[in-house]
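# Observations on chain architecture
Each chain, written out:
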Amino acid sequence: MARTSGEYLILPIINQQLEYKHQAMTSNTVETLNERLLYAIDSGDLETYRELCDPSLTAFEPEALGNLVEGLGFHETYFGSPASGKRKSSVRAPHIRLLGDTAVVAYVRLVQSTTIDGQHSTTAFEETRIWHKTGDGWKNVHFHRSNVCLLYTSDAADASLRVDLGGRRIIK
(Lines give C-alpha, C1' and ligand atoms only; values in the text may rest on other atoms or scores of the structure.)
Protein backbone atom coordinates (compact mmCIF):
# COMPACT_ATOMS: atom_id res chain seq x y z
CA MET A 1 0.00 0.00 0.00
CA ALA A 2 1.43 3.38 -1.01
CA ARG A 3 1.83 6.16 1.55
CA THR A 4 0.23 9.51 1.10
CA SER A 5 2.31 12.68 1.23
CA GLY A 6 0.81 13.45 4.67
CA GLU A 7 2.21 10.18 6.06
CA TYR A 8 5.70 11.11 4.92
CA LEU A 9 5.43 14.32 6.94
CA ILE A 10 3.88 12.79 10.07
CA LEU A 11 6.11 9.71 10.52
CA PRO A 12 9.36 11.67 11.06
CA ILE A 13 7.57 13.90 13.57
CA ILE A 14 6.24 10.87 15.47
CA ASN A 15 9.69 9.23 15.43
CA GLN A 16 11.26 12.45 16.70
CA GLN A 17 8.68 12.71 19.49
CA LEU A 18 9.35 9.09 20.50
CA GLU A 19 13.11 9.77 20.54
CA TYR A 20 12.62 12.84 22.76
CA LYS A 21 10.42 10.79 25.11
CA HIS A 22 13.04 8.00 25.22
CA GLN A 23 15.81 10.53 25.97
CA ALA A 24 13.74 12.14 28.74
CA MET A 25 13.04 8.72 30.28
CA THR A 26 16.73 7.76 30.04
CA SER A 27 17.82 11.11 31.51
CA ASN A 28 15.43 10.62 34.42
CA THR A 29 16.72 7.08 34.95
CA VAL A 30 20.37 8.20 35.01
CA GLU A 31 19.58 11.15 37.27
CA THR A 32 17.73 8.85 39.71
CA LEU A 33 20.60 6.34 39.70
CA ASN A 34 23.10 9.13 40.30
CA GLU A 35 21.10 10.37 43.30
CA ARG A 36 20.83 6.80 44.59
CA LEU A 37 24.61 6.42 44.28
CA LEU A 38 25.26 9.62 46.23
CA TYR A 39 22.82 8.49 48.92
CA ALA A 40 24.69 5.15 49.16
CA ILE A 41 27.98 7.06 49.59
CA ASP A 42 26.50 9.35 52.24
CA SER A 43 24.91 6.51 54.20
CA GLY A 44 27.85 4.10 53.92
CA ASP A 45 25.83 1.55 51.89
CA LEU A 46 28.65 -0.43 50.24
CA GLU A 47 26.27 -3.04 48.76
CA THR A 48 24.34 -0.41 46.76
CA TYR A 49 27.59 1.31 45.80
CA ARG A 50 28.92 -1.98 44.35
CA GLU A 51 25.60 -2.57 42.57
CA LEU A 52 25.71 0.83 40.83
CA CYS A 53 29.43 0.96 40.01
CA ASP A 54 31.37 -1.05 37.46
CA PRO A 55 34.14 -3.08 39.17
CA SER A 56 36.69 -1.33 36.91
CA LEU A 57 35.49 2.15 37.97
CA THR A 58 38.11 4.87 37.44
CA ALA A 59 38.24 8.23 39.20
CA PHE A 60 40.14 11.43 39.78
CA GLU A 61 39.27 12.85 43.18
CA PRO A 62 40.89 15.01 45.86
CA GLU A 63 41.51 12.04 48.19
CA ALA A 64 43.70 10.39 45.51
CA LEU A 65 46.10 13.37 45.49
CA GLY A 66 46.23 13.68 41.69
CA ASN A 67 46.41 9.94 40.98
CA LEU A 68 43.99 7.98 38.84
CA VAL A 69 42.09 5.52 41.02
CA GLU A 70 41.20 2.19 39.37
CA GLY A 71 38.72 -0.33 40.79
CA LEU A 72 36.54 -0.17 43.89
CA GLY A 73 39.16 -1.01 46.54
CA PHE A 74 40.20 2.60 47.19
CA HIS A 75 36.58 3.60 47.82
CA GLU A 76 35.70 0.51 49.85
CA THR A 77 38.29 1.67 52.40
CA TYR A 78 36.13 4.70 53.18
CA PHE A 79 33.01 2.57 53.58
CA GLY A 80 34.84 0.44 56.16
CA SER A 81 35.82 3.43 58.31
CA PRO A 82 33.87 4.10 61.49
CA ALA A 83 31.07 6.60 61.05
CA SER A 84 32.14 10.14 61.81
CA GLY A 85 28.69 11.67 61.82
CA LYS A 86 25.90 12.34 59.36
CA ARG A 87 26.24 13.69 55.85
CA LYS A 88 23.92 14.52 52.99
CA SER A 89 24.68 15.34 49.35
CA SER A 90 22.61 17.73 47.25
CA VAL A 91 22.99 18.06 43.50
CA ARG A 92 22.87 21.56 42.02
CA ALA A 93 22.55 22.49 38.34
CA PRO A 94 22.76 18.96 36.89
CA HIS A 95 23.44 18.67 33.17
CA ILE A 96 22.90 15.27 31.54
CA ARG A 97 24.19 14.47 28.08
CA LEU A 98 23.25 11.18 26.43
CA LEU A 99 25.68 9.66 23.94
CA GLY A 100 24.10 6.40 22.84
CA ASP A 101 24.63 3.85 25.63
CA THR A 102 26.69 6.37 27.64
CA ALA A 103 25.54 9.27 29.79
CA VAL A 104 27.60 12.14 31.17
CA VAL A 105 26.24 13.83 34.30
CA ALA A 106 27.91 17.08 35.40
CA TYR A 107 26.84 19.06 38.48
CA VAL A 108 27.88 20.82 41.63
CA ARG A 109 27.61 18.58 44.68
CA LEU A 110 27.05 20.14 48.08
CA VAL A 111 27.91 17.88 50.99
CA GLN A 112 26.47 18.89 54.34
CA SER A 113 27.93 17.07 57.30
CA THR A 114 27.56 16.96 61.04
CA THR A 115 30.32 15.50 63.17
CA ILE A 116 29.70 13.34 66.21
CA ASP A 117 30.29 16.39 68.44
CA GLY A 118 27.64 18.41 66.53
CA GLN A 119 29.84 20.60 64.31
CA HIS A 120 28.24 21.49 60.93
CA SER A 121 29.99 22.10 57.62
CA THR A 122 29.20 22.31 53.92
CA THR A 123 31.67 21.43 51.17
CA ALA A 124 31.15 22.04 47.44
CA PHE A 125 32.54 19.85 44.66
CA GLU A 126 32.36 20.04 40.89
CA GLU A 127 31.59 16.49 39.88
CA THR A 128 31.18 14.65 36.59
CA ARG A 129 30.07 11.04 36.42
CA ILE A 130 30.09 8.81 33.34
CA TRP A 131 27.44 6.10 33.20
CA HIS A 132 27.43 3.21 30.72
CA LYS A 133 24.44 1.04 29.86
CA THR A 134 25.23 -2.68 29.93
CA GLY A 135 23.12 -5.83 29.91
CA ASP A 136 22.82 -5.39 33.69
CA GLY A 137 21.55 -1.80 33.41
CA TRP A 138 23.40 1.47 33.94
CA LYS A 139 26.77 1.39 35.74
CA ASN A 140 28.95 4.28 36.89
CA VAL A 141 32.26 3.71 35.07
CA HIS A 142 34.19 6.94 35.82
CA PHE A 143 33.95 10.11 37.86
CA HIS A 144 35.97 13.25 38.35
CA ARG A 145 35.47 15.31 41.49
CA SER A 146 37.23 18.59 42.24
CA ASN A 147 36.94 20.99 45.14
CA VAL A 148 35.15 24.19 44.19
CA CYS A 149 37.45 27.16 44.49
CA LEU A 150 35.41 30.05 45.81
CA LEU A 151 37.19 33.04 44.36
CA TYR A 152 35.40 36.20 45.36
CA THR A 153 35.96 39.01 42.90
CA SER A 154 34.98 42.64 42.94
CA ASP A 155 32.48 42.00 40.17
CA ALA A 156 30.93 38.98 41.94
CA ALA A 157 27.88 40.97 42.94
CA ASP A 158 27.47 42.51 39.48
CA ALA A 159 24.61 40.59 37.87
CA SER A 160 25.14 42.36 34.56
CA LEU A 161 28.52 40.62 34.25
CA ARG A 162 26.78 37.27 34.85
CA VAL A 163 29.10 36.20 37.67
CA ASP A 164 27.83 34.13 40.54
CA LEU A 165 29.03 34.55 44.13
CA GLY A 166 31.71 31.92 43.56
CA GLY A 167 33.42 34.20 41.04
CA ARG A 168 32.72 31.88 38.11
CA ARG A 169 31.39 33.36 34.90
CA ILE A 170 27.97 32.07 33.91
CA ILE A 171 27.97 31.30 30.20
CA LYS A 172 24.61 31.03 28.48
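Details of the structure are given in the entry above.
Residues numbered from 1 in each chain as written. Predicted model: local features only at pLDDT ≥ 70, side-chain atom pairs only at ≥ 80, totals over all residues. Heavy atoms only, no water.

### Notes on the packing of aromatic side chains
All told, the structure shown has 2 aromatic pairs when counted by the stated rule. Note on Y49 and F79: the rings are 4.9 Å apart at their centroids and 45° apart in plane angle, and the pair reads as tilted. Here the residue Y49 occupies a position in helix 2 (residues 46-52), and F79 occupies one in helix 3 (residues 73-79), the gap between them amounting to 30 residues. The same class applies to Y49 and to F79, which are both buried. Between the aromatic rings of F74 and Y78, the centroid separation amounts to 5.7 Å while the plane-to-plane angle is 65°, which identifies the pairing as edge-to-face. On the criterion of helical spacing, the pair formed by F74 and Y78 is a turn pair, its members being 4 residues apart in helix 3. (Phe/Tyr/Trp six-rings, centres within 6.5 Å; stacked < 30°, edge-to-face > 60°. Helix = DSSP H or I, 4+ residues; strand = E, 2+ residues; numbered from the N terminus. Buried < 20%, exposed > 50% of the residue type's maximum accessible area, 1.4 Å probe, protein only.)

### Considerations on unusual backbone geometry
Backbone geometry places L65, a non-glycine residue, at a positive phi of 55°. Looking at the element boundaries, L65 is found in the loop between strand 1 (53-60) and strand 2 (69-70). For L65, a relative accessible area of 72% corresponds to the exposed category. Even without a glycine there, the phi angle at A93 is positive, about 50°.

### What about the environment of A93?
On the secondary structure map, A93 appears in strand 3 (residues 85-99). Separated by 16 residues in sequence, A93 and R109 place their C-alpha atoms 9.0 Å apart. Among residues more than four places away in sequence, those in contact with A93 are A106 and Y107. (Contact = heavy atoms within 4.5 Å.)

### Points about the nonpolar core
One recurring pattern in soluble globular proteins is that nonpolar side chains are buried together. Formed by 20 residues in total, the largest nonpolar core has its most connected members in L37, Y49 and W131. For this core, the secondary structure elements donating two or more residues are helix 1 (5-43), helix 2, strand 1, strand 4 (102-115) and strand 6 (137-147). By residue number, the principal contributor to this core is helix 1, which donates 5 residues. With residues near it in sequence (within four places) discarded, W131 still touches V30, L33, N34, L37, L52, D101, T102, A103, V105, W138, K139 and N140. (Core = buried A, V, L, I, M, F, W, Y, C linked by side-chain atoms within 4.5 Å.)

### With respect to the pairing of strand 5 (residues 120-134)
Consecutive side chains of a regular strand alternate in pointing toward one face of the sheet and then the other. Pairing of strand 4 with strand 5 involves 13 bridges; the strand directions are antiparallel. Opposite Y107, over in strand 5, you have E127 as the bridge partner. Where strand 4 hands over to strand 5, the hairpin turn is made up of 4 residues, of which G118 adopts a positive phi near 90°. The pairing of strand 5 with strand 6 spans 10 bridges and is antiparallel. (Pairing = 2+ DSSP bridges.)

### Digging into the side chain of D54
Inspection of the secondary structure puts D54 in strand 1. Within the buried set, D54 has no salt-bridge partner at all; the shortest N-O distance to an opposite charge, 7.0 Å, is to K139. The residues touching D54, leaving out its near neighbours within four places in the chain, are L72, K139, N140 and V141. (Lys, Arg positive; Asp, Glu negative; His and termini not counted. Salt bridge = Lys/Arg side-chain N within 4 Å of Asp/Glu carboxyl O.)

### Here's the deal with the side chain of S89
Positionally, S89 belongs in strand 3. Its relative accessible area of 15% is what places S89 among the buried residues. Within the structure, the side chain of S89 is placed 2.9 Å from the side chain of R109, a separation counted as a polar contact. S89 has contacts with L38, D42, R109, L110 and V111, leaving out every residue within four places of it along the chain. (Polar contact = N/O pair within 3.5 Å; in protein donor to acceptor, adjacent residues only side chain to side chain.)

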